[in-house]
Amino acid sequence: MDRQLCPTGVGMASDDVAQLADSLARAQVGEGELSYKSQGLKLDNAESVQEIVKAIREFEGLRALRLEGNTVGVEAAQAIAKALEDKRDFQCCYWSDMFTGRLRSEIPPALTSLGEALILAGAQLKVLDLSDNAFGPDGVKGIETLLKSSACHTLQELRLNNCGMGIGGGKILAAALMQCHKESSKLSAPLRLKVFIAGRNRLENDGATALAQAFQLMGSLEEIHMPQNGINHPGVTALANAVQHNPQLRVLNLNDNTFTKKGAIAMAQALKHLRSVQVINFGDCLVRSEGALAIAETLKDGLPILKELNLSFGEITEEAALAVANAVKHKDQLEKLDLNGNCIGEEGCENLRELMLNMNMGDMLASLSDDDGEPDEDGGEDEEEEEEDDEDKGEDEEDEDEDDDEEEEEEEEENEEDGEDEPSSPKQISTPPSAPHPPDVSSFLCFPSPEKLLRLGDQRVQLIQKQVDVTDVSKTVEAFLKISSVYKERDLEVKAAVLESVDAVLTKAFSTPSVQTFSFISALLVMLGLLKSEDKLKPVAVVPGHLQCLEHAVQQKYFPKEHIVVLHAFLARQNKSLDSCISARDSLRTTLQRLLPES
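From a predicted model like this one, the values you see are computed outputs, not experimental measurements.

Peer 1: Can you help me understand the overall build of the chain in this one?
Peer 2: Per the secondary structure count, the chain includes 23 helices and 13 strands. For the chain, contacts bridging at least 24 residues in sequence account for 82% of all contacts bridging at least 6.

Peer 1: How do you make sense of the pattern of salt bridges when you look at a structure like this?
Peer 2: Side chains that differ in sign of charge can pair as their charged atoms come close. Scanning the model with the defined rule gives 25 salt bridges in all. Across the salt bridge formed by Glu68 and Arg66, the nearest N and O atoms sit 2.7 Å from each other. The buried category is assigned to Glu68, whose relative accessible area is 5%. Here Lys300 makes a salt bridge to Glu297, at a shortest N to O gap of 3.4 Å. In this pair, Lys300 and Glu297 both sit in helix 10 (residues 288-301), three residues apart, roughly one turn of the helix. Through salt bridges with shared partners, a single network forms among Glu33, Lys37, Arg66 and Glu68.

Peer 1: Where do I start with the sheet that holds strand 1 (residues 33-35) in this structure?
Peer 2: Two pairing modes exist for strands in a sheet, parallel and antiparallel, and in both the strands are linked by backbone hydrogen bonds. Here 11 strands make up an open sheet; going across it, the order is 1-3-5-6-7-8-9-10-11-12-13 and the pairing parallel. Of all strands in the sheet, those with a lone pairing partner are strand 1 and strand 13 (336-338), marking the two edges. Going across the sheet, the axis of each strand differs from the next one's by a mean of 5°, ignoring polarity. The sheet contact formed by strand 1 and strand 3 (residues 64-66) spans three bridges and is parallel. Its bridge partner lying in strand 3, Leu34 is registered against Leu65.

Peer 1: Just to check I follow, could you spell out helix 5 (residues 136-148) for this structure?
Peer 2: Every α-helix winds through 3.6 residues per turn, so residues three or four apart in the chain are directed the same way. Helix length check: helix 5 (13 residues) gives 19 Å between terminal C-alpha atoms against 18 Å at 1.5 Å per residue, within 8%. Along helix 5, the helix axis deviates most sharply at Gly142, where the bend reaches about 35°. When helix 5 is considered as a whole, its buried residues turn out to be Gly136, Pro137, Gly139, Val140, Gly142, Ile143, Leu146 and Leu147.

Peer 1: What exactly am I supposed to notice about unusual backbone geometry here?
Peer 2: For residues that are not glycine, phi is negative in most cases, and the peptide bond is trans in most cases. Positioned with a positive phi, Arg200 is a non-glycine residue whose angle comes to about 50°. Relative to the helices and strands, Arg200 is located in the loop between strand 8 (195-197) and helix 7 (204-218). In the Ramachandran plot, Gln228 falls in the positive-phi region, its phi being about 50° despite a non-glycine side chain. Relative to the helices and strands, Gln228 is located in the loop between strand 9 (223-225) and helix 8 (233-243). Take Gln228: its relative accessible area is 12%, and that puts it in the buried class.

Peer 1: Sorry, what's going on with the packing of helix 8 against helix 9 (residues 260-271) here?
Peer 2: Helix packing for two helices is described by the angle between their axes and how far apart those axes are. Viewed as axis vectors pointing N to C, helix 8 and helix 9 meet at an angle of 0°, and their least axial separation amounts to 8 Å. Between helix 8 and helix 9, the crossing angle belongs to the class labelled roughly parallel. Within the contact between the two elements, helix 8 uses His233, Val236, Thr237, Leu239, Ala240 and Val243 and helix 9 uses Thr260, Lys262, Gly263, Ala266, Met267 and Ala270.

Peer 1: Honestly, the packing of aromatic side chains in this entry has me stumped. Any pointers?
Peer 2: For any pair of aromatic rings, the description consists of the separation of the ring centres together with the inter-plane angle of the planes. Tallied over the entire structure, the rule returns six aromatic pairs. Between Phe510 and Phe559, the aromatic rings sit 5.7 Å apart at their centres with planes inclined by 85°, giving edge-to-face as the arrangement. Taken together, the residues span a long stretch of sequence, with Phe510 in helix 19 (residues 492-510) and Phe559 in the loop between helix 21 (544-554) and helix 22 (564-571) at a distance of 49 residues. Here Phe510 and Phe559 have matching classes, each one buried.

Peer 1: Honestly, the confidence of the model for the chain in this entry has me stumped. Any pointers?
Peer 2: Do not read the fine detail of predicted coordinates wherever pLDDT is low. Residues with a pLDDT of 70 or more make up 83% of the chain, whose mean pLDDT is 84. Counting interchain partners and residues more than four positions distant, the pLDDT-below-50 stretch residues 379-386 has seven contacts. Predicted confidence for residues 390-439 stays below pLDDT 50, and this span has 83 contacts to residues more than four positions away or in other chains.

Peer 1: Looking at this structure, I do not really get the side chain of Asn70. What am I missing?
Peer 2: Looking at the secondary structure, you find Asn70 in the loop between strand 3 and strand 4 (71-72). Looking at Asn70, its side chain comes within polar contact range of the main-chain nitrogen of Leu41, at 2.8 Å. Leave out the neighbours within four places in its chain, and Asn70 touches Tyr36, Ser38, Gln39, Gly40, Leu41, Asp97, Met98, Phe99 and Thr100.

Peer 1: What's the story with a positive patch on the surface in this structure? I'm lost.
Peer 2: A cluster of basic residues, Arg63, Lys126, Arg192, Lys194 and Lys532, forms a positive patch on the protein surface. Counting through the fold element by element, Arg63 comes out in the loop between helix 2 (50-58) and strand 3. Residue Arg63 is classed as partly exposed on the basis of its relative accessible area of 33%.

The rules we used
Residues numbered from 1 in each chain as written. Predicted model: local features only at pLDDT ≥ 70, side-chain atom pairs only at ≥ 80, totals over all residues. Heavy atoms only, no water. Helix = DSSP H or I, 4+ residues; strand = E, 2+ residues; numbered from the N terminus. Contact = heavy atoms within 4.5 Å. Salt bridge = Lys/Arg side-chain N within 4 Å of Asp/Glu carboxyl O. Buried < 20%, exposed > 50% of the residue type's maximum accessible area, 1.4 Å probe, protein only. Pairing = 2+ DSSP bridges. Axes fitted to C-alpha atoms, helices over the stretch in contact; angles between N-to-C directions. Expected span 1.5 Å × (residues − 1). Bend = angle between axes of the 7 residues up to and from the residue. Parallel < 35°, antiparallel > 145°, perpendicular 65-115°, else oblique. Phe/Tyr/Trp six-rings, centres within 6.5 Å; stacked < 30°, edge-to-face > 60°. pLDDT = per-residue confidence, 0-100. Polar contact = N/O pair within 3.5 Å; in protein donor to acceptor, adjacent residues only side chain to side chain. Patch = residues over 30% accessible without salt bridge, like charges linked within 9 Å, V, L, I, M, F, W, Y side chains within 5 Å. Areas by Shrake-Rupley, 256 points an atom, 1.4 Å probe, with all protein chains shown as cover. Lys, Arg positive; Asp, Glu negative; His and termini not counted. Charge placed at Lys NZ, Arg CZ, Asp CG, Glu CD.

This is the structure:
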């Protein structure tokens, strides 16, 4: 079915609209999914999950279960697991942020029982998301059997962001993936994992090196996200050796680790072997000038479809920054080059801006507002000394790993027992915090938060309009959803900032002649889970802010009135994707009803 809706909007008869809604709604993206997302349920025992268990048992063809944003105890998990034992069609576990306030000792048995049920059911998993669960190395042991089993031979996405795995957990995880690949290969259907996400896990060099072996063995990865893991150049070099064996790699995010020139040069050499990479995020990685020059050399003849390159906060000087800029001259698909927070100097920044302008790429250069100025003359010596310190530090850390893991476990258990901190709390994971760099628009759109939006300051509207390519409908929809996700009705400052940002994006989009506005509406319906896409796009997890900002937008002059009737037709139907924000949904329905053109 085509994603675009019939562009005859206002002229549609009500029966035609109803028929359109009927035909499209029958193929909803959410079909096969049971969701209890973000309901804040405290599920302690079998009695507390009776309704969930009943719903699972009665759901024929269940493929996905969303339990994120609740807290599940051991007995409750066992009861849910029992209900899953005959769900052979099951494919997707959306189980992030599922153990808030639980003792760390409760999590492994809960995960073990759920994993055993999926194995017993003969499930063929595609997605396993356990992010934002502070389970540590023992939690990895809780899913070890599942990862080694035939249920994971088909796994495509493994999401373990912010789980506190540590070095030990990283090694267990790597061994399990390698075993899974070995066993699945015997059946002539080797594990082909596509997406691996494990940011903020304190994997360090040994954990990263172990996982690199698994990456190299699989050779199927398309996205690798491992930011903020305390990885130094030995671990980075191991990862570099692995990524070159993954020819379909599109996204490589190692933000906030420590490359230094050795790691950066190794990674630059590895990238020469890859042709499908679109996004590289080496921000806050201290790639340094020599590393940046090596990356520039790779850019000259390699990475033909690169869209984004982030080398911010890397102690890069003017010469290296200009070399990088020159190297992207013929990158036809480039959308963003980020060299902020380096040591380019005021004059160097002007030279860099001028160079990008002369190449007709001025709008692709990110802000340089946090440049640290030109380095001291003896900076080269300091750099060499620091690299040697990094090597010594790596050896020292090896001796201290055991003590660190014990301290981390004690600290996490204290936080989990009081149940006050969110799983993503730095105290629970004991992850070294990032340097407090003011976020740019790209940072906000990647990981939106009210604080980041406010810190963009009075220029946020102009910055966002400049960043978002409104000629690309999917990017416009994505930007709208990212911005509106941080909406807060009771925080007047945040509310105002969100609404003016939404207005900025949509005003520009709807006033651009080349933009097909019906394409925007259909793409929005897809991402809200109200319309199926042939591209099998994954809907977002709808939050009230999405619908509240949409309600605001439909009342503005810039919003095409002919789309009101289509939106109303879809919102008039019951849909599970909106069940988590009933009040906002009903309010939007009422507003759309009021705005309907008179027949």
